[in-house]
Structure formats: structure tokens, C-alpha cells
Amino acid sequence: MTRTDLHIGLFGFGVVGQGLHAVLARTPGLRARIGRIAVRSRTKPRPLPAELFTFDKNDLLGDPALTVIVELIDDADEAYLIVKEALLRGKAVVTANKKMLAEHLPELIAIQQQTGTPLLYEAAACASLPVIRNLEEYYDTDLLESVEGIINGSTNYILTAMHRDRQPYAEALARAQALGFAESNPALDVEGLDARNKLVLLLAHAFGLVVAPADLLAVGITAISELATAYAREQGLIIKLVAEARRLPGGRLAAGVLPTLVRPGHELAQVHDEFNGLITQSTFADRQFFLGRGAGAFPTASAVLSDLSALTYGYRYGYKKIQQNAHLALAPDAAEVEVLVTFDEANAPAEADFSAVHEQFRSAQRGNYLTGTIGLGQLARAAWLRRPGVSVVRLAGPLRATMAP
Ligand code: HSE
């Protein structure tokens, strides 16, 4: 097989862009060279010769010598314009921008199919873990039952620091930011939105289901109450932010992101700091667990590098499962979940929303909680879910098909 040399136009020279530059310098076997770098700030000091940089995106998009665009900027809206323009001009694109991808996936798939130009984004989900290409290529059957895991490094870093090191939330978040793990708008991390964007990508490649981020329930870690944390400790459980997609009987699939209580022996309890962990369950291969660094300059750059290498042998995503699994539909009302809800008196959850309430506890000193079973769709629609003073944590156990009433 002939391998093509890559002449790269790089957008962005932040944490990941600089990581990629360093990684490329240490992988001479990959015949890839950064020809030009487009950046926004005219004043930031940069460690490379000034002539390598431009402030005009057209210097890259319009240069026929640059055959590959690597998009590593922060602004998802600008990234979308760049990626679309590059694909339409026949330039292969590698991006790490999960927000941009999740928001525009149907159109970006259509453009790839019309133009035949590849768009690769291994770095957009779980950084160094090779998940997208594996889900796309290896599990190329009807037999994948679920994917679940920790797919946001910053929140895992924060939860680890709070649980293991007893660090306060604000301190742990500041550290995740300083280490370059968090998004520049960290609300995307801590509200579960970054994990949800990644789950959109996993759904497309694992199950051929292309959904909008807003179709998926995402609960982050900001609302986790002291009472929920104490409950976890008393039960010997660990709180993790877990994304899950599970196939249910009848061509239905449920997916969402929720803080989840994990028992110490569970694979996800072994995922510490900014690491990510993804468990696949398939009928014959059974359970498999991917563990690795989920954020940071080099781990993310390593995934970009792997995509660049894939481009040299003409790889592109086939999105085969979109045709194969055309019968599969997202059905949050077909799934239910066991939850622990803590709340203050003014914001009690509506008990009628639950298919069963298992346990209730009310105390003026310690606070109130209930545990119960609730439909995933019902939980997503519940007005009380987003009220201040309400915290929802999933009790251990997978999403499961709703019992017929
Ligand atoms: N902010 C993201 C995270 C970066 O913490 O996982 C990697 O996608």
C-alpha cells in the first residue's frame, strides 16, 4: 500500500496544537509536516518562527499545497465553518472538536458522503483511547449491546480529588483547568455536556444512531449534594460521571449521562484522575474495558496523530451501521433507572413521576432523600430535576427496559 505524505494546515496552537507539534517532531516515521498554523491572538508569545503563523484562515483553506486540515480551535461555531469549507474544498480534516461534531454530525456525514473527503475525529472522544475506529470497524455486527463509561477527564479528575484526596470542589476544578484538562468554558465539563457530546459520537459509531445532543439526558456533577456524597461513603460506593448507551428489546436504545454510584470492584472505580474508561458489552465477545488518559495535550495529540496516520493509507469512516441499524430508535421512555434523589423541602420531587419509591428519608439536620425507579424519559422531563437543592445520582445497575405497566 502506498502511503501519502501529509502537508498540514493547523488551526489552533493551544494545549492540543502544541502537543501535536511536539508529538510530530518525535514521530519522523509518519511523513507529516505542519506547513502553516492559523491562530487568533496576535499578541501571544509563541515558541515557533513567526512566519509559520497566520491570522487569516484563507491562507490555509486556499493553499492547495496543504492537503490536510487539523482543526484544534476552541470556538465550535468557527470550527464548523472551517471544517465544512475544508471538506468542500477536498481537504481531509482531523478534528478534536466534539461540541462542533455533535452539533453538526448529520450534515458533516452527508458532506463526507457527497465529496468522499475524510473527516476523522478519534481525539474528540476519550482522547488517547482508541474508541471511535474500534466501534466503527471492530464491532461491525448487530451484536454490540452497550457502551458505558467515564468519558470526561475533568469531572473524573474532580471527583477523584474530592473522594480520594478530600479536596474541595472549587480547588479540584481549578487544578483540572490549570492542567489543561477542562474546556475553556468548564461548564461544558461539569454540567455533563462534554460527555453528552462524546456520547453522540459513540452512538453514531457503535450503533449507527445519529441524534442531537439535546435528545440525550445529561446531568453533571455540580448539583451533587453533601448528603448524596455521605450516602455514597456510608454505602462504600464511589460517585462517577457515567455515560451509557444500551440497546433494549424491540429495536430501541436508551442513552444518557448521569452521576452514578459505582461499587469499588467495578471497572469504572479503577478509573482515576483524568483517565477515561469505556466498557463494551457484546453478545459473543462479552465484556471489554478500555482504560487510558482522557484529557491533556499529549494523550489528545496521540489520537490526532493516529488519525493522521490513518489518512496516509486512505482511511475514512464508512458509517456502515447507519444503514445496518436503520430500524434502531432512541427511546428514553423504554428505559428506567434506579436513582437517589436528595432535595430540600421546597423542591421535593413529584413522587408520581416514579414507578416505584423504595426508600424515603427526611431529616431537618441531614436533609431529605428518596431512592426509587424512574423512567429515563420521565426523569429528563421532570421540572424538579433542574431545581436548586435537587441532586440526582444513579444507583448502581444498568439502564434497563421499562417494566410494562
Ligand atoms: N475537557 C475534556 C475532558 C477534554 O475533560 O474530558 C478532553 O476531551
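Residues numbered from 1 in each chain as written. Predicted model: local features only at pLDDT ≥ 70, side-chain atom pairs only at ≥ 80, totals over all residues. Heavy atoms only, no water.

**Points about the pairing of strand β16 (residues 367-375)**
Phase 1: Along β16, nine of the nine residues are buried, which leaves the element largely enclosed by surrounding structure.
Phase 2: Here strand β14 (residues 335-343) runs beside β16; their pairing, made up of eight bridges, is antiparallel. What sits directly across from Val-341, in β16, is Leu-370.
Phase 3: Two strands pair when backbone bridges link them, and strand β15 (residues 354-363) and β16 are joined in this way by eight bridges, in the antiparallel orientation. Note on β16: the bridge partner recorded for Ala-356 is Thr-373. (Buried < 20%, exposed > 50% of the residue type's maximum accessible area, 1.4 Å probe, protein only. Helix = DSSP H or I, 4+ residues; strand = E, 2+ residues; numbered from the N terminus. Pairing = 2+ DSSP bridges.)

**Focus on the side chain of Ser-154**
Phase 1: Within the secondary structure, Ser-154 is located in helix α6 (residues 153-164).
Phase 2: Here the side chain of Ser-154 touches Phe-181 through a polar contact of 3.0 Å, landing on its backbone oxygen.
Phase 3: Ignoring anything within four residues of it in the chain, the contact list for Ser-154 reads Ala-176, Phe-181, Ala-182 and Asp-189. (Polar contact = N/O pair within 3.5 Å; in protein donor to acceptor, adjacent residues only side chain to side chain. Contact = heavy atoms within 4.5 Å.)

**Concerning the site of the ligand**
Phase 1: Around the ligand sit Lys-98, Asn-152, Gly-153, Ser-154, Phe-181, Ala-182, Glu-183, Asp-189, Asp-194, Lys-198, Gly-294 and Ala-295, and those are all the residues in its vicinity.
Phase 2: In this structure, Lys-98 approaches the ligand through a side-chain N or O atom, which is 2.6 Å from an oxygen atom.
Phase 3: Ser-154 is positioned with one of its side-chain polar atoms (N or O) 2.6 Å from an oxygen atom of the ligand.
Phase 4: For the ligand, whose free accessible area comes to 260 Å², the fraction covered by protein is 93%.
Phase 5: Elements represented by at least two residues in the shell around the ligand include exactly α6 and α9 (193-207). (Near = heavy atom within 4 Å. Areas by Shrake-Rupley, 256 points an atom, 1.4 Å probe, with all protein chains shown as cover.)

**Notes on the domain arrangement of the chain**
Phase 1: By domain assignment, the chain separates into domain 1 (6-121) and domain 2 (140-293 + 327-401).
Phase 2: Look at where the C-alpha atoms of domain 1 and domain 2 centre, and you get two points 32 Å apart.
Phase 3: Tallying the contact residues gives 11 residues for domain 1 and 14 residues for domain 2.
Phase 4: Here domain 1 meets domain 2 over a buried area of about 1,000 Å², counting both sides, of which 69% is carbon and sulfur.
Phase 5: Linking domain 1 to domain 2 there are two salt bridges.
Phase 6: Between Lys-98 and Glu-183 there is a salt bridge, with its nearest N and O atoms 2.8 Å apart.
Phase 7: A per-element tally of the side of domain 1 that touches domain 2 places helix α4 (residues 98-115) first, with eight residues.
Phase 8: Class assignment for the residues of the side of domain 1 that touches domain 2 results in seven nonpolar, no polar and four charged. (Domains from an automatic or database assignment. Buried area = accessible area lost by both parts, 1.4 Å probe. Salt bridge = Lys/Arg side-chain N within 4 Å of Asp/Glu carboxyl O. Nonpolar A, V, L, I, M, F, W, Y, C, P; charged D, E, K, R; others polar.)

**Comments concerning the packing of aromatic side chains**
Phase 1: If you walk through the whole model with that rule in mind, you get nine aromatic pairs.
Phase 2: Relative to Phe-53, the ring of Phe-13 has its centre 5.4 Å away and its plane inclined at 70°; by these criteria the two rings are edge-to-face. One end of the pair, Phe-13, is in the loop between β1 (6-11) and α1 (15-25); the other, Phe-53, is in strand β3 (residues 53-54), with 40 residues separating them in the sequence.
Phase 3: Owing to a relative accessible area of 9%, Phe-13 belongs among the buried residues under this scheme. (Phe/Tyr/Trp six-rings, centres within 6.5 Å; stacked < 30°, edge-to-face > 60°.)

**A look at the pattern of salt bridges**
Phase 1: Applying the stated criterion across every chain, the model contains 23 salt bridges.
Phase 2: Here Glu-274 and Arg-293 are joined by a salt bridge, their closest N and O atoms 2.9 Å apart. With Glu-274 in the loop between β10 (252-262) and β11 (275-282) and Arg-293 in strand β12 (residues 286-293), this residue pair connects regions lying 19 residues apart in the sequence.
Phase 3: Looking at Glu-274, the relative accessible area reads 8%, which means it is buried.
Phase 4: One salt bridge in this structure joins Arg-381 and Asp-333, with 3.1 Å as the shortest N-O distance.

**Observations regarding the nonpolar core**
Phase 1: Counting residues in each nonpolar core, the largest one holds 113 residues, and the members touching the most others are Ile-8, Val-70, Tyr-121, Phe-207 and Leu-308.
Phase 2: Looking at this core element by element, the count peaks at nine residues for α9.
Phase 3: When sequence neighbours within four positions are dropped, the list of residues in contact with Phe-207 reads Leu-144, Glu-145, Ser-146, Val-147, Leu-202, Ala-245, Arg-247, Leu-253, Lys-321, Asn-325 and Leu-328.
Phase 4: Core analysis: the second largest hydrophobic core is formed by 23 residues, Leu-217, Leu-258, Ala-335 and Leu-370 among them. (Core = buried A, V, L, I, M, F, W, Y, C linked by side-chain atoms within 4.5 Å.)

**Side note on empty space enclosed by the protein**
Phase 1: In this structure the tally under the stated criterion is one cavity of 30 Å³ or more.
Phase 2: Estimates place the volume of the largest cavity at around 40 Å³.
Phase 3: Taken together, Val-242, Glu-244, Ala-255, Gly-256, Val-257, Leu-258, Leu-376, Arg-394 and Leu-399 form the lining of the largest cavity.
Phase 4: The set of elements that each furnish at least two residues to the lining of the largest cavity consists of β9 (238-248) and β10.
Phase 5: The element best represented in the lining of the largest cavity is β10, accounting for four residues.
Phase 6: Of the residues assigned to the lining of the largest cavity, the class counts are six nonpolar, one polar and two charged. (1 Å grid on protein atoms, 1.4 Å probe; cavity = no way out; pocket = protein on both sides within 12 Å on 5 of 7 lines; lining within 4 Å. Points joined across faces, edges and corners; volume = space filled by probe spheres on them.)

**As for helix α3 (residues 76-88)**
Three- or four-residue spacings in an α-helix give side chains the same orientation, since the helix completes a turn every 3.6 residues.
Phase 1: Given a rise of 1.5 Å per residue, 13 residues ought to cover 18 Å, and the 18 Å separating the end C-alpha atoms of α3 matches this to within 8%.
Phase 2: Within α3 the residues assigned to the buried category are Ala-76, Ala-79, Tyr-80, Ile-82, Val-83, Ala-86 and Leu-87.
Phase 3: The elements touched by buried residues of α3 are β1, α2 (58-61), β4 (68-71), β5 (92-95), α4 and β6 (119-120).
Phase 4: Where α3 begins, the side chain of Asp-75 points an oxygen toward the backbone nitrogen of Asp-77, at a separation of 3.0 Å.
Phase 5: Just downstream of α3, Gly-90 is the residue with a positive phi angle, here 80°. (Expected span 1.5 Å × (residues − 1).)

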